[in-house]
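# Coordinate inspection notes
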Amino acid sequence: MEPKVCVVTVTYGNRFHLLKQVIDAVLKEGVCKVVVVDNNSEPESREKLREYERKLGNQKIKVLYLDDNYGSAGGFKRGLKEAYNDPDCEFIWLLDDDNKPMEGALKALLDFWDSLEEENKEEKVALLSYRFRKEQLAKKAIIHNKPELVLGLKNSFLGFHVKELHKKIYRYLKRSLKLEDNNVVKQESDKKFGIVPVAPYGGLFIHKNLLGKIGYPNENFYLYSDDHEWSYRITKKGGKIYLILNSKVDDIELSWHIPRNSKATAFSIISKGDPFRVYYMVRNRVYFEVNNLVDNKIIYWINILMYMLLIFFSSTKNIKLITKAVKDGYKGKLGKTDILK
């Protein structure tokens, strides 16, 4: 009997043109149902989604129309609950509304799952499709067996650690002088899969029994790092997340924080980025770090101060906001908030 795979995805804004491509692709891949959480999207997008829902029928698609935007955590939490309670759903494949699977992506996951000899794997193992436009650090991490490339070193701040500052300067100079293409992982390897400590929602593939062990995403994160906090529960409980490189997913719209040119850096992106996004990203990451990666607060604060100094030299636009985000995250002050207060 073919395994029953449900896709869970969350959409918002005016993104039906992206969402439709994803739904069409996953149905072609052979999923049994798509659960869409409409996070209070724009009227134009919502109406198109209703029409598409009527066209596909309730056997193929289930849409949860929300009256507010509950963020990625709230959206995926509701979608996961819907899939978990659906008797026709055995496996859950999470995708963002712009994650378009390449041909054969689902088969690659199912083949790996069938070949995996892990005791109680339904409750301990997750698989992850390879988002080749974004998750190149994850690929590099498994090639070199360095999980810290994904998660960051102990006591690092937003992935920054003073003992690696010279490496960052060297890489920046190489990019600026166009001595390398920073957007390509040049190391080749025979590895087809490897273990990573955390995963984004987009591409994560689980048996629904795993939810009984790790629970649901924490809505108090609202946006950003909620996927890492949630998936890291697998690692903390002794489970494994396998990145499957031949299960490819195309990000048909790149995220705001992905560098668009060789001169962009994490410092410039955060210092000049949209305040709303910057606040939640920094606050939630700090909370995650303090509760999972920090074992020496002195070193951690040295990294914070050095990072803030580098930000200051890039731009002063978001300095106060980032300072507030750091304080709130460190104190565990989560939830949706008015960033101007």
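Residues numbered from 1 in each chain as written. Predicted model: local features only at pLDDT ≥ 70, side-chain atom pairs only at ≥ 80, totals over all residues. Heavy atoms only, no water.

What follows covers the side chain of Asp-86. For Asp-86, the position within the fold is in the loop between helix 3 (71–84) and strand 4 (91–96). One polar contact links the side chain of Asp-86 to the main-chain amide nitrogen of Asp-88, over a distance of 2.8 Å. In this structure, Asp-86 is in contact with Lys-33 and Lys-208, ignoring residues within four places of it in sequence. (Helix = DSSP H or I, 4+ residues; strand = E, 2+ residues; numbered from the N terminus. Polar contact = N/O pair within 3.5 Å; in protein donor to acceptor, adjacent residues only side chain to side chain. Contact = heavy atoms within 4.5 Å.)

Turning to the packing of aromatic side chains, a few remarks are in order. The final tally for this structure, using the stated rule, is 19 aromatic pairs. For the pair Phe-16 and Tyr-52, a centre-to-centre distance of 5.8 Å together with 75° between the ring planes defines the contact as edge-to-face. Of the two residues, Phe-16 sits in helix 1 (residues 16–29) while Tyr-52 sits in helix 2 (residues 43–56), which places them 36 residues apart along the sequence. Accessibility classification places Phe-16 together with Tyr-52 in one group, the buried group. Pairwise contacts between aromatic rings join Phe-157, Phe-160, Tyr-300 and Tyr-307 into one cluster. A cation over a ring is seen here: Lys-81 above Tyr-216, with NZ or CZ 5.5 Å from the ring centre. Just above the ring of Tyr-84 sits the side chain of Lys-208; from NZ or CZ to the centre is 5.7 Å. (Phe/Tyr/Trp six-rings, centres within 6.5 Å; stacked < 30°, edge-to-face > 60°. Buried < 20%, exposed > 50% of the residue type's maximum accessible area, 1.4 Å probe, protein only. Lys NZ or Arg CZ within 6 Å of the ring centre and 35° of its normal.)

With that out of the way, let us pick up the pattern of salt bridges. Within the structure shown, the criterion is met by 20 salt bridges. Residues Arg-131 and Asp-96 are paired through a salt bridge, measuring 3.5 Å at the closest nitrogen-oxygen approach. Of this pair, Arg-131 sits in strand 6 (residues 125–131) while Asp-96 sits in strand 4, and the two are 35 residues apart along the sequence. A relative accessible area of 21% places Asp-96 in the partly exposed class. For Lys-240, the salt bridge goes to Glu-118, with nearest N and O atoms at 3.0 Å. Highlighted residues: Lys-240 in strand 9 (residues 240–251) and Glu-118 in the loop between helix 4 (105–115) and helix 5 (121–124), separated in sequence by 122 residues. Glu-118 gets classed as partly exposed once you look at its relative accessible area, which sits at 22%. (Salt bridge = Lys/Arg side-chain N within 4 Å of Asp/Glu carboxyl O.)

Those residues of helix 6 (residues 136–144) that fall on the buried side of the exposure criterion are Gln-136, Ala-138, Lys-139, Ala-141, Ile-142 and Ile-143. Those residues of helix 6 that are buried lie in contact with strand 6, helix 7 (148–151), strand 7 (193–196) and strand 9.

Looking now at the environment of Asp-68. Tracing the chain through its elements places Asp-68 in the loop between strand 3 (61–65) and helix 3. Here the alpha-carbon distance between Asp-68 and Asn-39, two residues 29 residues apart in the chain, equals 6.3 Å.

Let us look at the confidence of the model for the protein chain. Interpretation of this model should avoid reading the predicted coordinates in detail wherever pLDDT is low. For the protein chain, mean pLDDT is 89; residues scoring 70 or higher make up 87% of the total. This stretch, residues 182–187, has a pLDDT under 50; its non-local contacts, to residues over four places away or in other chains, come to 10 contacts. (pLDDT = per-residue confidence, 0-100.)

Judged by side-chain polarity, Leu-309, Phe-312 and Phe-313 come together as a nonpolar surface patch covering roughly 350 Å² of accessible area. Note that Phe-313 resides in helix 13 (residues 297–314). The exposure class of Phe-313 is exposed, given its relative accessible area of 64%. (Patch = residues over 30% accessible without salt bridge, like charges linked within 9 Å, V, L, I, M, F, W, Y side chains within 5 Å. Areas by Shrake-Rupley, 256 points an atom, 1.4 Å probe, with all protein chains shown as cover.)

A few words now on the pairing of strand 1 (residues 5–11). The element strand 1 is extensively covered by neighbouring structure, given that seven of its seven residues are classed as buried. Of the two faces of strand 1, the one holding Val-5, Val-7, Thr-9 and Thr-11 and the one holding Cys-6, Val-8 and Val-10 are both buried throughout. Across six bridges, strand 1 lies against strand 4 in parallel orientation. Each bridged residue has a counterpart across the sheet, and for Val-10 the counterpart in strand 4 is Asp-96. Crossover connection from strand 1 via helix 1 to parallel strand 2 (residues 33–38): handedness right-handed. (Pairing = 2+ DSSP bridges. Right-handed = clockwise from strand over helix to strand, strands pointing away.)

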